[in-house]
Amino acid sequence: MNVEIKVPVMGKSIVEVTIGALLKPSGSEVRSGEEIVEIETDKVNQVLSAPTSGKLNWNVKTGDVAAVGQTIGLIEEGAVAEKPKVAMVPEAKPEEKIA
């Protein structure tokens, strides 16, 4: 399933944003919560995070102007296998030698 990345509402007077920086390129594997794009207005800059894990595809490029609510990219869920969690094992201490 594809999850849309949309320009969020950033205030009543803001109707469009400029794509400041694509922090992850199209085709990248991203994890939920990872920062993926910076959007700019004349009043505020904001970094958007991935809403889910998957393969990222942009519909815009740096410098493009996008309207509030516009879909600027998609994340294809399930295209990325989640990394397995590794259990933390305490490091063994070397035995002390008594002389």
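The rules we used
Residues numbered from 1 in each chain as written. Predicted model: local features only at pLDDT ≥ 70, side-chain atom pairs only at ≥ 80, totals over all residues. Heavy atoms only, no water. Salt bridge = Lys/Arg side-chain N within 4 Å of Asp/Glu carboxyl O. Helix = DSSP H or I, 4+ residues; strand = E, 2+ residues; numbered from the N terminus. Buried < 20%, exposed > 50% of the residue type's maximum accessible area, 1.4 Å probe, protein only. Pairing = 2+ DSSP bridges. Axes fitted to C-alpha atoms, helices over the stretch in contact; angles between N-to-C directions. Contact = heavy atoms within 4.5 Å. Core = buried A, V, L, I, M, F, W, Y, C linked by side-chain atoms within 4.5 Å. Polar contact = N/O pair within 3.5 Å; in protein donor to acceptor, adjacent residues only side chain to side chain.

A.B. asks: I tried to follow the pattern of salt bridges on my own but got confused; where do I start?
C.D. replies: Close approach of charged atoms lets side chains of opposite charge pair. This structure, assessed with the given rule, holds 3 salt bridges. Notably, a salt bridge pairs Lys 24 with Glu 34, separated by 2.8 Å at the nearest N-O pair. Highlighted residues: Lys 24 in the loop between strand E2 (16-22) and strand E3 (29-30) and Glu 34 in the loop between E3 and strand E4 (35-40), separated in sequence by 10 residues. Overall, Lys 24 belongs to the partly exposed group, its relative accessible area being 24%. The partner of Lys 61 in a salt bridge is Asp 64, and the shortest N-O contact between them spans 3.4 Å. Its relative accessible area of 21% is what places Asp 64 among the partly exposed residues.

A.B. asks: Hey, could you run me through the sheet that holds strand E5 (residues 45-49) in this one?
C.D. replies: Pairing between the strands of a sheet comes from backbone hydrogen bonds, and it takes one of two forms, parallel or antiparallel. Reading across from one edge, E5-E4-E2-E7 is the order of the 4 strands in this open sheet, with antiparallel pairing throughout. Only two strands of the sheet have a single partner each, and these edge strands are E5 and strand E7 (65-67). Direction aside, the axes of adjacent strands within the sheet are offset by 40° on average. Judged from the 4 bridges that link them, E2 and E4 form a sheet pairing that is antiparallel. Counted as the bridge partner of Thr 18 is Glu 40 from E4.

A.B. asks: What exactly am I supposed to notice about the sheet that holds strand E8 (residues 71-77) here?
C.D. replies: Read across the sheet, 4 strands follow the order E1-E8-E6-E3 without closing on themselves; strand pairing throughout is antiparallel. The sheet terminates laterally at strand E1 (2-6) and E3, the two strands that pair on one side only.

A.B. asks: Any chance you could explain the environment of Val 60 here in plain terms?
C.D. replies: Here Val 60 shows up in the loop between strand E6 (54-58) and E7. For Val 60, a relative accessible area of 10% puts it in the buried group. Distance from Val 60 to Gly 73, taken between C-alpha atoms, is 7.2 Å for residues 13 residues apart in sequence. Other than its neighbours up to four places away in sequence, Val 60 contacts Ile 19, Leu 22, Gln 70 and Ile 72.

A.B. asks: In this structure, what is going on with the nonpolar core? I would like to understand it.
C.D. replies: One broad rule of soluble globular proteins: the nonpolar side chains tend to lie buried together. Core analysis: the largest hydrophobic core is formed by 18 residues, its most contacted members being Ile 5, Ile 36, Val 37, Ile 39, Leu 56, Trp 58 and Ile 72. At the level of elements, E2, E4, E6 and E8 are the ones that each hand at least two residues to this core. Top contributing element to this core by residue count: E4, with 3 residues. When neighbours within four sequence positions are excluded, Val 37 is seen to be in contact with Ile 19, Ala 21, Leu 22, Leu 23, Gln 46, Val 47, Leu 48, Trp 58 and Ile 72.

A.B. asks: How do you make sense of the side chain of Thr 52 when you look at a structure like this?
C.D. replies: Within the secondary structure, Thr 52 sits in the loop between E5 and E6. At a separation of 2.7 Å, a polar atom in the side chain of Thr 52 contacts the side chain of Glu 77. Residues within four places of Thr 52 in sequence aside, it is in contact with Val 3, Val 30, Arg 31, Ser 32, Ile 75 and Glu 77.

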